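One-letter residues, chain by chain:
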Amino acid sequence: MQLITNCSFLENELLDAARLFKNRPQTITHSYSEKGGVFYNTFDIDGETFSFEDRGQVLNELDYKRLERRFAKLRLYEILSQKYGEKMPWGALTGIRPTKLAYTELERGKAFIPLFEQMHVCQENIALVQTVLQTQKGLYEKRDGNTDLFVSLPFCPTKCAYCSFITAPIEKTRHFLDEYVTCLEKEILSANDYIGNLRSMYIGGGTPFALDTPYLQKVLAALAPIKEKYNPQVEYTVEAGRPDVFSEDKLRLLKEYGVTRICINPQTFSDETLRLIGRKHTVADFYRAYEMSEKYDFLVNIDLIAGLEGESAEQFANGVTQAIQTGADNITVHCLSLKSGAKLKEETSYIENDRISDMVGLSRKLLLESGYLPYYMYRQKYQAGNNENVGWTKPNKACIYNIDVMEETADNLAVGANAISKRVKTAQGLITRFATQKDIPTYMSNIDSIIEKKRKFFTE
Ligand SMILES: C[S@@+](CC[C@H](N)C(=O)[O-])C[C@H]1O[C@@H](n2cnc3c(N)ncnc32)[C@H](O)[C@@H]1O
Ligand code: SF4
């Protein structure tokens, strides 16, 4: 597909809107202009011309830019939706988190539903956003200085076929661990001087439990003074991860250091699918890990993926039911998203939108009926069926870290390789980012300058 536009800054928006559709015109020619608060968009597609004039309330430069993008994308979406007879669950919304958009409208003293309806978001998704906002009441907090701390452990037992996260196979990288953990200790020690209002701590991956117990202990011990100093009762998650690396001594260690929440991720309840996605564990391993964890009384999160190879909607729904039956506090339903770097992306293109949409529909129904509430959600590029990832929670068990990260309401002080720190300046409406090197040896060899730059980033 070729897009010709007189307006280069609308190019990505228009491409995103066009890419929502399986069928696309060969060439889209677009022109844009604005005069006196009226936004003019014209499209030439397959010999037909479509012209639009839109008006919107412009209070400042930011509004102006927002409306330019919104109208161009919306109008192209409408043309293509009509032409190909296809509607998307999130309509013309692309590139923005729906809940963030809803909060932005509310902050401007407006209801968000009219905007979502204008963008052709389906009623079920509007209701989903409403419920997420409701569940976040009392937890959503936009205040400068609120901080979440993230520790990156990008190591895994093996690479799963669908995954594009940058992680290193533990067997090949064990020799890095001494130095890597020393770098983390240094970063954490430095951060101890300048953390704001600590809302949560999160050790994520990769697979943190891929580390041998002594290394895990070093990381937990380095974090202990921060927890003590800033918030002894802090919500503290370890994304322990894959059931095949669970052990009693690791779980005991987490309890000793005050961890409150862990992730035990089956992804699917089918051994055949687990084999196909190269996860190297079984459903029985998941139950073993779950039972092993029970006596430590952590809040537990379970990750599932909709759209894995060969699974029918019924099979997936069966997995959701099994996840619910475990009694997990949080269940996160991801929709398969194949990005470059994932082995499956290179091998297949088997995702059918209808199948995934059925899975999403069934998971919502089953979780709602069982008393779970959606508490955060986000969409990704290349997400199967243009759907979304939703975190579900039992009442009053929601994870603050996930809410803060998805709504971008708090600073994220992230340490380790490929860690992306964020600073949120509410008054200016600004979010700035500081990313460390993805490659572990490069990260380690730059550690001193990273520490200095990060200190500046958070204190200036
Ligand atoms: C950073 S991973 C860490 C979890 C841990 N390593 C594990 O696999 O159990 C977080 C979650 O992202 C989800 N995920 C990873 N790759 C995905 C993909 N390509 N599409 C959808 N979800 C994905 C999985 O559900 C995974 O549990
Ligand atoms: S899904 Fe988890 S275990 Fe699998 S490769 Fe990705 S981060 Fe590692």
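Residues numbered from 1 in each chain as written. Chains lettered and ligands numbered in written order. Predicted model: local features only at pLDDT ≥ 70, side-chain atom pairs only at ≥ 80, totals over all residues. Heavy atoms only, no water.

K.L.:
How should I be thinking about the pairing of strand β3 (residues 38-45) in this particular structure?
P.N.:
For a regular strand, side-chain orientation follows a simple rule: the groups alternate between the two sheet faces. Taken together, the 8 bridges between strand β2 (residues 27-35) and β3 define a ladder with antiparallel strand orientation. Bridge pairing links E34 to F39 in β3. Two successive antiparallel strands, β2 and β3, enclose a turn made up of 2 residues, where G36 displays a positive phi of approximately 55 degrees. When β3 meets strand β4 (residues 48-55), the two strands line up antiparallel, connected through 8 bridges. From the neighbouring strand, V38 faces β4, where its bridge partner is R55. Taken together, β3 and the strand that follows it, β4, pair antiparallel across an intervening segment of 2 residues, in which D46 is found at a positive phi of about 45 degrees. (Pairing = 2+ DSSP bridges. Helix = DSSP H or I, 4+ residues; strand = E, 2+ residues; numbered from the N terminus.)

K.L.:
Even after reading the chapter, I still don't get the pattern of salt bridges, so can you show me in this structure?
P.N.:
Two side chains with opposite charge may pair up if their charged atoms get near one another. Under the defined criterion, the tally for this structure stands at 28 salt bridges. Where R75 meets E78, a salt bridge forms, and the shortest distance between an N and an O atom there is 2.7 Å. Taken together, the residues R75 and E78, both in helix α2 (residues 61-84) and 3 residues apart, mark about one turn of the helix. (Salt bridge = Lys/Arg side-chain N within 4 Å of Asp/Glu carboxyl O.)

K.L.:
How should I be thinking about unusual backbone geometry in this particular structure?
P.N.:
With the exception of glycine, the majority of residues adopt a negative phi angle, and the majority of peptide bonds are in the trans configuration. In this structure, G206 follows G205 across a cis peptide bond, with omega equal to 5 degrees. Looking at the element boundaries, G206 is found in the loop between β8 (197-205) and α8 (213-230). Here the phi dihedral of D46 falls at roughly 45 degrees; this positive angle occurs in a residue that is not glycine. Its identity is not glycine, yet N418 carries a phi of approximately 55 degrees, on the positive side. The topology assignment puts N418 in the loop between β15 (411-415) and β16 (420-425).

K.L.:
What is the right way to look at the side chain of T436 in this model?
P.N.:
Relative to the helices and strands, T436 is located in the loop between β17 (430-435) and α16 (440-445). Residue T436 is classed as buried on the basis of its relative accessible area of 5%. From its side chain, T436 meets the backbone nitrogen of A419 in a polar contact 2.9 Å long. Apart from residues no more than four positions distant in its own chain, T436 is found in contact with G416, A417, N418, A419, Y443, I450 and K454. (Buried < 20%, exposed > 50% of the residue type's maximum accessible area, 1.4 Å probe, protein only. Polar contact = N/O pair within 3.5 Å; in protein donor to acceptor, adjacent residues only side chain to side chain. Contact = heavy atoms within 4.5 Å.)

K.L.:
Quick question: what am I supposed to make of the site of ligand 1 here?
P.N.:
Lining the immediate surroundings of ligand 1 are 18 residues, of which G206, Q267, R279, D303 and S337 lie closest. Taking R279, its side chain carries an N or O atom lying 2.8 Å from an oxygen atom of ligand 1. Summarising the interface, the protein chains cover 92% of the accessible area of ligand 1, which totals 560 Å² for the free molecule. Elements with a minimum of two residues in the shell around ligand 1: β9 (235-241), β11 (299-306) and β12 (330-335). Looking at the shell around ligand 1 residue by residue, the classes come out as 6 nonpolar, 8 polar and 4 charged. (Near = heavy atom within 4 Å. Areas by Shrake-Rupley, 256 points an atom, 1.4 Å probe, with all protein chains shown as cover. Nonpolar A, V, L, I, M, F, W, Y, C, P; charged D, E, K, R; others polar.)

K.L.:
I keep staring at the domain arrangement of the protein chain and nothing clicks. Help me out?
P.N.:
Many authors give the size of an interface as the accessible area that is lost as the parts come together. Here the protein chain is described as being made up of domain 1 (1-86), domain 2 (87-135) and domain 3 (146-449). Summarising the inter-unit geometry, the C-alpha centres of domain 2 and domain 3 are found 26 Å apart. If you look at the interface, domain 2 gives 17 residues, while domain 3 gives 19 residues. Interface area for domain 2 against domain 3, summed over the two sides, is near 1500 Å², with a carbon-plus-sulfur share of 57%. If you sort the residues of domain 2 by the area they bury against domain 3, R97, L128 and T135 come out on top, with a joint share of 35%. For the salt bridge of K100 with E408, the shortest nitrogen-to-oxygen distance reads 2.6 Å. The tally of links between domain 2 and domain 3 comes to 8 residue pairs in polar contact (both at pLDDT 80 or more). Among the elements of the structure, α3 (98-107) and α5 (123-135) are those that each provide at least two residues to the side of domain 2 that touches domain 3. Among the elements that make up the side of domain 2 that touches domain 3, the one with the highest residue count is α5 (7 residues). Counted by class, the side of domain 2 that touches domain 3 contains 9 nonpolar, 5 polar and 3 charged residues. (Domains from an automatic or database assignment. Buried area = accessible area lost by both parts, 1.4 Å probe.)

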